[in-house]
Amino acid sequence: MKVIFHKADGQRVEAEAQAGDVLLKVAQGAGMPLEGTCEGQMACSTCHVLVAKEWFARLPEASEDEEDMLDLAYGVRPTSRLSCQIELTDALDGLEVTIPADAHDMSRV
């Protein structure tokens, strides 16, 4: 399956993934600047992404804990999600997400 990332500079990056992969790991493997400081424990919002509107409704609803963490993210929009909480399924083949302009991976500095 593939996932399409849109970077703030307009670059489009396609990445290969498998059902069961977590979006954050796929994004990091594709060189996206998502830090994921808490390693998926929902203790940060450094993996915040904007899901394309046409894909957002296909995702399971965000948990209350995820919503609380999104309150701390910069530039939250109605289709914001934490990429560490999105497990890819075959139904998400072709998923498109935008990496927010303020995303930084401090581990790569």
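Preceding this paragraph is the structure being described.
Quick caveat, the model's predicted, so the values are computed rather than measured.

A. Examining the pattern of salt bridges more closely. Counted by the stated rule, this structure contains three salt bridges. Across the pair R81 and E66 runs a salt bridge whose closest N-O atoms are separated by 2.8 Å. Of this pair, R81 sits in strand β4 (residues 80-82) while E66 sits in helix α3 (residues 64-70), and the two are 15 residues apart along the sequence. Relative accessible area serves as the criterion here: at 4%, R81 is assigned to the buried category. Judged by its relative accessible area of 2%, E66 is buried. Here the salt bridges share partners, and the residues they tie into one network are K2, R12 and E14.

B. Spotlight on the pairing of strand β2 (residues 12-16). Here β2 shows one buried face, formed by V13 and A15, and one open face, formed by R12, E14 and E16. Note: strand β1 (residues 2-6) against β2, five bridges, orientation antiparallel. Bridge assignment links K2 to a residue of β2, and that residue is E16. Counted between consecutive antiparallel strands, the loop separating β1 from β2 contains five residues, among which G10 sits at a positive phi close to 95°.

C. Spatial organisation of unusual backbone geometry. Even without being a glycine, E39 presents a positive backbone phi close to 55°. For E39, the position within the fold is in the loop between α1 (23-29) and β3 (48-51). Look at E39 and you get exposed, because its relative accessible area is 64%.

D. Here's a closer look at the sheet that holds β3. One open sheet accounts for five strands, arranged β2-β1-β5-β3-β4; its pairing is mixed. Looking at the sheet topology across the chains shown, the edges are occupied by β2 and β4. Taken pair by pair, the neighbouring strands of this sheet meet at an average axis angle of 35°, ignoring direction.

E. Structural view of the pairing of β1. Examined bridge by bridge, β1 and strand β5 (residues 95-98) share four bridges and lie parallel to one another. What sits directly across from H6, in β5, is T98.

F. Main features of the state of the cysteines. Counted under the stated rule, the structure contains zero disulfides. With no disulfide partner, C47 has as its closest neighbouring cysteine sulfur the one in C84, 3.7 Å distant. Using a relative accessible area of 2% as the deciding quantity, one classes C47 as buried. C84 sits in the buried class, given a relative accessible area of 12%.

Parameters and conventions
Residues numbered from 1 in each chain as written. Predicted model: local features only at pLDDT ≥ 70, side-chain atom pairs only at ≥ 80, totals over all residues. Heavy atoms only, no water. Salt bridge = Lys/Arg side-chain N within 4 Å of Asp/Glu carboxyl O. Helix = DSSP H or I, 4+ residues; strand = E, 2+ residues; numbered from the N terminus. Buried < 20%, exposed > 50% of the residue type's maximum accessible area, 1.4 Å probe, protein only. Pairing = 2+ DSSP bridges. Axes fitted to C-alpha atoms, helices over the stretch in contact; angles between N-to-C directions. Disulfide = S-S within 2.5 Å.

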